Amino acid sequence: MWTEEAAATAEARESGIRNKSSSSSQIPVVGVVTEDNEAQGVFKPMDLNRVIKLLEETDKDGLEEKQLKFVKKLVQCFQNGLPLRDLAQIFKILNLCAGKIKNQPRFVESAYDIIKLCSLPFLKKKVSDEITYAEDTANSIALLGDLMKIPSSELRIQICKCIVDFYHAEPPKKHIPGYQQASSSYKIQMAEVGGLAKTMVQSITLLEHQLVEKLWVLKVLQHLSTSEVNCTIMMKAQAASGICTHLNDPDPSGQLLFRSSEILWNLLEKSSKEEVIQQLSNLECLLALKEVFTNLFMRGFSHYDRQLRNDILVITTIIAQNPEAPMIECGFTKDLILFATFNEVKSQNLLVKGLKLSNSYEDFELKKLLFNVIVILCKDLPTVQLLIDGKVILALFTYVKKPEKQKIMDWSAAQHEELQLHAIATLSSVAPLLIEEYMSCQGNARVLAFLEWCESEDPFFSHGNSFHGTGGRGNKFAQMRYSLRLLRAMVYLEDETVNTDLCEKGTIQQMIGIFKNIISKPNEKEEAIVLEIQSDILLILSGLCENHIQRKEIFGTEGVDIVLHVMKTDPRKLQSGLGYNLLLFSTLDSIWCCILGCYPSEDYFLEKEGIFLLLDVLALNQKKFCNLILGIMVEFCDNPKTAAHVNAWQGKKDQTAASLLIKLWRKEEKELGVKRDKNGKIIDTKKPLFTSFQEEHKIIPLPANCPSIAVMDVSENIRAKIYAILGKLDFENLPGLSAEDFVTLCIIHRYLDFKIQATHKQRELANKSWENFLARTSNAKTLKKAKRLQEKAIEASRYHKRPQNAVFHGTDIKGLNTTVPSGGVVTVESTPARLVGGPLADTDIALKKLPIRGGALQRVKAVEIVDAPKKSIPT
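Residues numbered from 1 in each chain as written. Predicted model: local features only at pLDDT ≥ 70, side-chain atom pairs only at ≥ 80, totals over all residues. Heavy atoms only, no water.

It is worth spelling out the overall build of the protein at this point. Secondary structure assignment for the protein yields 43 helices and five strands. Across the 875 residues of the protein, 46% fall into the buried class. Taking all contacts inside the protein whose residues are at least 6 apart in sequence as the whole, residues at least 24 apart take part in 74%. Per element, the accessible surface of the protein, about 46900 Å² overall, is 53% carbon and sulfur. (Helix = DSSP H or I, 4+ residues; strand = E, 2+ residues; numbered from the N terminus. Buried < 20%, exposed > 50% of the residue type's maximum accessible area, 1.4 Å probe, protein only. Contact = heavy atoms within 4.5 Å. Areas by Shrake-Rupley, 256 points an atom, 1.4 Å probe, with all protein chains shown as cover.)

Printed below as a string of structure tokens:
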């Protein structure tokens, strides 16, 4: 309701505007154009301040008629537009008229007429007027939102029409000499500055049962939400939740749902997405979205309804990304899973009984959106049981099969292919969470059979139109790519049931066969996709063979051959960006997991000059590969045949393996900031291996479950691995070394000694700590001194400025003769009860009166035992 207080507030604001923008000594005038002088552009002066003063007067006979007459005359004066310099006074008049409506209803028409003028162009006399009167204009436009509080339907609708006209500017009806129209976006900018969007959002709460006015306000907000500034203002005014909760309000026209969804879209796109999601992540909003979506899903048959249904689902998917959103609690998750699977898994649920999706574009998009929302929902672990109940795995596997000839399909060939790829991609996210369901559906057998079809020569013309079909036009690469991703996801669960089942079904042999088939038919056009497929095959093989000798034997020489094939790749291709780097990483991983530890495979790898290939890659001096290659070589050096291969290798300029390793050592020490002189000799003999990182960071406290910096130093930098390799070569008779190399070799040879050195220091500290402890326990003076130091340290650590009226609780235990902190649980080897009088004796009182007899403390009869039964005490 429009109150007198609100009117007074607005009046005060307008008064401030007037004082700021217009001098009280000047009388603003407007031109009153008569029919006789209109063509000549002559203006007849009119005193706007007089109109304001007249409207401010009260309690005079005939005053209302006079006021209405002057306002009507004012409206007639501005039929061609509103000058910016007079805008503050005009809106002051509008505010005064609005304030009179409650007691004088006839002023509704006056306010209506003035508001209608706001749809006309704003006029400027000078180019600078837009800047000069910007504040007046912004505050004047903001007043329109305040006037929405007036309980007048026609007035509210006119305000909304006026604001909508801001976005559909028209030129002046007639040209007025000396004036020109303000820029077309000026009103829109001033609405942003004035914060009009906030008051329009707040006005929704006033229109609970006024459908027409509510639709007009939503239309205004729809226009305002095209701006990022307005969307931010609306978001802060809780527009998202306010609009979403009213999605189901009765509306025969359908405009409410359409405009509301459009506004929500704009808020998500143009303001803080996280904040909008947070506003929508409540039970009330999600129940509204659920009801709207369900109604549209079951009863929406028009093109418009289906589009709107899909928009609502996208908004829901975005909200579902918030783990705090009560999707399960409101029942939306269960319904979405049902809608996603009812075509593939028959259901008797009344929501889908008799429903069937068509192959229209909207229904096809809906199916893909439902697959996508399942991927989002499965990230919330409580959803797993609903996925099981909805038989999601079974539904998705209906797409993992080769096309059946002469079968009537619900989708076109292109649509079915896209849904097939989308379903396999969805399985990659869902199946690892539902291992039992995956195995019960014979998931491994289905995927391997599908891969067999992908590798076959069966004629198949794929369309490759979708995101998932990239690189798959006219071939089966897309299907193979996503099937291998699914297998990789399952293998890397390290579930023995899954991996054993895969091996029993011949997966290792099948993967090697697919790899060999791919390299026998080069495809430069889809090279990036082929490289990804090869990488995934090697990763699958690594996951299956790791820590299993029998599987490594199955990998055998055929597997070693494909590894060697990749190792022979032209090094220049590593910089192509197509995926050769990833393929090489996968290959090195497969050497580690599939070859090392299996002696026949190791020997075959050495026989085929595999060590030479490893050293060739190492010589490329690419840090990302060095650590992994050196780790592999350390393991290979356990094979007695390896040393001869390492010593026989020669790189560019006759570089030997030993020279290469020493060069890598020097480079690593330089990067770590280890101090060496120009000849490579040790500078700091006390800290020969100390790095600049260790010096800068000193001691960093770490949780117990984190490896220490020393451990990380050994695992992350390559010095320990180089030491291990050269150690396996005995550090002797190493060919091709320079004088500097021999100096560095001496340091490498003593690497482990320099690392024990740190251990000695720790032992010295431990011994010193033990000596101090013994001194405290055997010398009373030392104990007292340690106690004083401890109390001093405790006191220094305390916060001395106590808050007012705070209660201090002492933590010191009187009579405690220890210098180590006591924990919550203390194990005590108690003195015999016959000496101290039992567990409930008061220690402080007893010690005050106990005599010393024979070196032991004993109770005397005179001492009373507190809280203990009376009995004779032995002396």
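That shown, we press on.
Turning to the nonpolar core, a few remarks are in order. If you look at the biggest cluster of nonpolar residues, it comprises 233 residues, and the most contacted ones within it are I93, M200, L221, I591, L614, L618 and L726. If you tally residues by element for this core, the top one is helix 28 (residues 527-545), at 10 residues. Once you skip the residues sitting within four places of it in the chain, I591 turns out to touch V563, M567, L596, F605, L614, I632 and F636. (Core = buried A, V, L, I, M, F, W, Y, C linked by side-chain atoms within 4.5 Å.)

Bringing a nonpolar patch on the surface into the picture now. Together, W770, F773 and L774 make up an exposed nonpolar region whose accessible area comes to about 310 Å². Mapped onto the elements of the fold, F773 is located in helix 40 (residues 751-778). F773 gets classed as partly exposed once you look at its relative accessible area, which sits at 35%. (Patch = residues over 30% accessible without salt bridge, like charges linked within 9 Å, V, L, I, M, F, W, Y side chains within 5 Å. Salt bridge = Lys/Arg side-chain N within 4 Å of Asp/Glu carboxyl O.)

Another aspect to go through is helix 15 (residues 273-280). Quick reminder: α-helices carry 3.6 residues per turn. Residues three or four places apart thus point the same way. Taken as a whole, helix 15 has its buried residues at V276, I277, Q279 and L280. All buried residues of helix 15 project into a common sector of 160 degrees when viewed along the axis, lining one side. Tucked into the core, helix 15 has its buried residues touching helix 12 (228-236), helix 13 (239-244), helix 14 (255-270), helix 16 (283-299) and helix 17 (303-320). (Arc of directions from axis to C-beta.)

Turning to empty space enclosed by the protein, a few remarks are in order. Tallied over the full model, the rule gives three cavities of 30 Å³ or more. If you add up the space inside the largest cavity, you get close to 80 Å³. Mapped onto the lining of the largest cavity, the elements with two or more residues apiece are helix 33 (623-636) and helix 35 (657-672). Take the lining of the largest cavity: its biggest share by element is four residues, from helix 35. Per-class residue counts for the lining of the largest cavity are three nonpolar, one polar and four charged. (1 Å grid on protein atoms, 1.4 Å probe; cavity = no way out; pocket = protein on both sides within 12 Å on 5 of 7 lines; lining within 4 Å. Points joined across faces, edges and corners; volume = space filled by probe spheres on them. Nonpolar A, V, L, I, M, F, W, Y, C, P; charged D, E, K, R; others polar.)

Next up on the list: the pattern of salt bridges. Counted by the stated rule, this structure contains 24 salt bridges. Across the pair E365 and K368 runs a salt bridge, and its minimum N-O distance is 3.1 Å. Of the two residues, E365 and K368 both sit in helix 19 (residues 361-377), three residues apart, roughly one turn of that helix. By relative accessible area, which is 14% here, K368 ends up buried. The shortest N-O distance in the salt bridge between E496 and R551 comes to 2.9 Å. Placement of the pair is E496 in helix 26 (residues 496-504) and R551 in helix 29 (residues 549-567), with a sequence separation of 55 residues. The buried category is assigned to R551, whose relative accessible area is 10%. Where salt bridges share partners, they join E64, E65 and R106 into one cluster.

Looking now at the environment of E732. Looking at where E732 falls in the secondary structure, it is placed in the loop between helix 38 (719-728) and helix 39 (739-749). On the basis of relative accessibility, which here comes to 54%, the residue E732 falls in the exposed class. Taking the C-alpha atoms as reference points, E732 and L745, separated by 13 residues in sequence, lie 9.9 Å from one another.

It is worth spelling out the side chain of S271 at this point. When you line up the elements, S271 lands in the loop between helix 14 and helix 15. Given the relative accessible area of 13%, S271 is considered buried. Here the side chain of S271 touches L267 through a polar contact of 2.5 Å, landing on its backbone oxygen. If sequence neighbours within four positions are ignored, S271 has contacts with C231, T232, M235, N266 and V276. (Polar contact = N/O pair within 3.5 Å; in protein donor to acceptor, adjacent residues only side chain to side chain.)

Moving on: the sheet that holds strand 2 (residues 122-124). Within a sheet, adjacent strands bond to each other through the backbone by hydrogen bonds, running parallel or antiparallel. With respect to topology, three strands assemble into an open sheet ordered 1-2-3, the strand pairing being mixed. Every interior strand has two partners, whereas the edge strands, strand 1 (82-83) and strand 3 (180-181), have only one. Here strand 1 runs beside strand 2; their pairing, made up of two bridges, is parallel. The partner of L82 across the bridge, within strand 2, is F122. (Pairing = 2+ DSSP bridges.)

Let us look at a positive patch on the surface. Among the surface-exposed residues, R50, K66, K69 and K73 lie close enough to one another that they form a single positively charged patch. Looking at which element gives the most residues to the positive patch, the answer is helix 3 (residues 63-77), with three residues. Mapping K69 onto the fold places it in helix 3. Note on K69: relative accessible area 61%, which makes it exposed. (Lys, Arg positive; Asp, Glu negative; His and termini not counted. Charge placed at Lys NZ, Arg CZ, Asp CG, Glu CD.)

Moving on: the environment of A643. Its place among the elements puts A643 in helix 34 (residues 642-648). Separated by 85 residues in sequence, A643 and K728 have C-alpha atoms that sit 7.7 Å apart.

Its location among the elements puts L734 in the loop between helix 38 and helix 39. Classification of L734 as buried rests on a relative accessible area of 10%. When the C-alpha positions of L734 and N647 are compared, they lie 7.4 Å apart, and in sequence the two are 87 residues distant.

Time to look at the packing of helix 33 against helix 38. The contact between helix 33 and helix 38 brings their axes to 9 Å, and the two run at 30 degrees. The orientation of helix 33 relative to helix 38 falls into the category roughly parallel. Every pair of crossing elements has a handedness; the one defined by helix 33 and helix 38 is left-handed. Within the contact between the two elements, helix 33 uses N627, L630, G631, M633 and V634 and helix 38 uses K721, I722, A724, I725 and K728. (Axes fitted to C-alpha atoms, helices over the stretch in contact; angles between N-to-C directions. Parallel < 35°, antiparallel > 145°, perpendicular 65-115°, else oblique. Left-handed = near helix turned anticlockwise from the far one by under 90°.)

Now for the confidence of the model for the protein. Summing up the model confidence of the protein, the mean pLDDT is 83 and the portion of residues at 70 or higher is 81%. Counting interchain partners and residues more than four positions distant, the pLDDT-below-50 stretch residues 1-44 has 79 contacts. (pLDDT = per-residue confidence, 0-100.)

So, on to helix 39. Within the span of helix 39, buried status applies to D741, T744, L745, I747 and I748. One side of helix 39 holds all its buried residues, which, seen down the axis, span an arc of 160 degrees. Among the exposed residues of helix 39, those oriented more than 90 degrees off its buried face are A739 and C746.

Under the defined criterion, the tally for this structure stands at 14 aromatic pairs. Here F293 and F339 contribute two aromatic rings whose centre-to-centre distance is 5.8 Å and whose plane-to-plane angle is 55 degrees, an arrangement assigned as tilted. Taken together, the residues span a long stretch of sequence, with F293 in helix 16 and F339 in helix 18 (residues 332-341) at a distance of 46 residues. When the ring of F397 is compared with that of Y438, the centres are 5.9 Å apart and the planes differ by 45 degrees; the resulting orientation is tilted. Placement of F397 in helix 21 (residues 392-397) and of Y438 in helix 23 (residues 435-440) is noted, with a sequence separation of 41 residues between them. Residue F397 is classed as buried on the basis of its relative accessible area of 1%. Residue Y438 is classed as buried on the basis of its relative accessible area, which comes to 0%. Among the aromatic side chains, those forming a connected cluster through ring pairs are F293, F297, F332, F339 and F342. Against the face of F107 rests K100, its NZ or CZ located 5.9 Å from the ring centre. (Phe/Tyr/Trp six-rings, centres within 6.5 Å; stacked < 30°, edge-to-face > 60°. Lys NZ or Arg CZ within 6 Å of the ring centre and 35° of its normal.)

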